[in-house]
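# Notes for the structure review
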Amino acid sequence: MKKTTGLFLFTAVFLFVWQSYSQSPHFRKHPLPLEFKGVEIFCMFRDMNHFIWLGTSAGLVRFDGSSHKYFVQFQGKENHVNALFQDSRGILWIGYKNGNIGQFMNDNFIKALPGFSKDPIMDFAEDTDGAIWVGTYGQGAAVFGKNDTIKFTRETGLADDYVNALTEDGIGNVYVGTDQGISICSTSTAGAAAVPFNTEHDLPDNIVTTISRDSGGQIWVGTEFAGICRFGPTTRL
């Protein structure tokens, strides 16, 4: 009788807990400090040290799980952060709405690249050669290599100059998602190449809003109006 009663009580408690968790999502709020009232968050990134970085309309914010620290690069100027990325060396790349690019490491801004673009910086990626790719909304994509900078635009084969997302595929190619489809790009020894794909090539929607590579090397594409689709691995261009 005791075993039956104990089993009944255990089952009742388990069902109560399970029902509570299944019906009520648990969100823990981490509001920005009062001095950030009215500040908008446009992007988030977790770095190698597990800090959470927030790109806001007023600059860069680091969150360590309990407190926030604010960083501003351009004093007295626009500091609207639109994109964040950390490269293999640990440098945090910061893309601004006005086209400026910043670099940050060890609690200090180490470099600024103003004037690269007058259009918003949308995304970053690092290819297998260590080059940093930058996507802009209006001037295509650019690659910062060790010795030079290569630009990809519609005139040179890019699907569109309005870039929304970038991701590398692990074998030397970078997928560039635009408002007119995807371009698979490379800067191999054979020269820069860009191969476009759009709805004429079975892409479900031309407006590509996000791209991500999974652990198996598959490329997942998010579109504005037609859900998601998947690309299989390809060879380097």
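Right above here is the structure, for reference.
Residues numbered from 1 in each chain as written. Predicted model: local features only at pLDDT ≥ 70, side-chain atom pairs only at ≥ 80, totals over all residues. Heavy atoms only, no water.

### Some remarks on the pattern of salt bridges
Pairing is possible between side chains of opposite charge, provided their charged atoms come close. Threshold: Basic side-chain nitrogens of Lys or Arg form a salt bridge, by our definition, when they fall within 4 Å of a carboxyl oxygen of Asp or Glu. Note on classification: 1.4 Å probe, protein chains only; a residue is buried when its accessible area is under 20% of the maximum for its type, exposed when over 50%, partly exposed between these limits.
For the structure on display, the rule yields five salt bridges. Salt-bridge contacts for R89 lead to D87; the nearest nitrogen and oxygen are separated by 3.1 Å. For R89, a relative accessible area of 53% puts it in the exposed group. Among the ionic pairs, D160 bridges to R154, the shortest N-O distance being 3.7 Å.

### As for the pairing of strand β4 (residues 68–71)
This is how the line gets drawn: Pairing between strands requires that DSSP locate at least two bridges from one strand to the other. To qualify as a helix, a DSSP run of H or I must reach at least 4 residues; to qualify as a strand, a run of E must reach at least 2; elements of each kind are numbered from the N terminus.
The pairing of strand β3 (residues 59–63) with β4 spans four bridges and is antiparallel. Looking at β4, one finds that R62 is bridged to K69. Counting the residues in the hairpin turn of β3 and β4 gives four residues, including G65, whose phi is positive at 105°.

### Examining the layout of surface pockets
Applied cut-off: As defined here, a cavity is a set of points on a 1 Å grid over the protein atoms alone where a 1.4 Å probe fits but cannot get out. A pocket is an open set with protein on both sides within 12 Å along at least five of seven lines, and residues line them when an atom is within 4 Å of a point. Grid points are joined across faces, edges and corners, and a volume is the space filled by probe spheres set on the points. Each residue gets one label: Ala, Val, Leu, Ile, Met, Phe, Trp, Tyr, Cys and Pro are nonpolar, Asp, Glu, Lys and Arg are charged, and the others, such as Gly, are polar.
Taken as a whole, the largest pocket encloses approximately 520 Å³ of empty space. In terms of lining, the largest pocket is formed by 22 residues, of which the most central are F85, D123, F124, L166 and I211. Of all the secondary-structure elements, those providing two or more residues to the lining of the largest pocket are β1 (41–46), β5 (81–86), β9 (121–126), β13 (163–168) and β17 (208–213). Looking at the lining of the largest pocket residue by residue, the class counts come to twelve nonpolar, six polar and four charged.

### With respect to the sheet that holds strand β11 (residues 141–144)
How we decide: Angular values range over 0 to 180 degrees, each being the angle between N-to-C directions of two axes fitted as lines to C-alpha atoms, with helices fitted over their stretch in contact.
Pairing is antiparallel in the open sheet, where four strands are placed in the order β9-β10-β11-β12. Sheet topology places β9 and β12 (149–152) at the edges, where each strand pairs with a single neighbour. Shown here is a sheet whose adjacent strand axes are inclined to one another by a mean of 20°, direction ignored. Where strand β10 (residues 132–136) meets β11, four bridges bridge the pair, whose relative direction is antiparallel.

### Concerning the sheet that holds strand β8 (residues 108–112)
Here we have four strands laid out as an open sheet, ordered β5-β6-β7-β8, and antiparallel in their pairing. Here the strands that pair on one side only, and so sit at the sheet edges, are β5 and β8. When strand polarity is set aside, the average angle formed by the axes of neighbouring strands in this sheet is 25°. Note that strand β7 (residues 101–105) and β8 share four bridges and pair antiparallel. Across the sheet, the residue bridging to M105 is N108, located in β8.

### A word on the pairing of β5
With respect to burial, β5 is a largely interior element, six of its six residues being buried. Bridge count for β5 against strand β6 (residues 92–96) is five bridges, and the pairing is antiparallel. Bridge pairing in β6 places V81 opposite Y96. Two successive antiparallel strands, β5 and β6, enclose a turn made up of five residues, where G90 displays a positive phi of approximately 95°.

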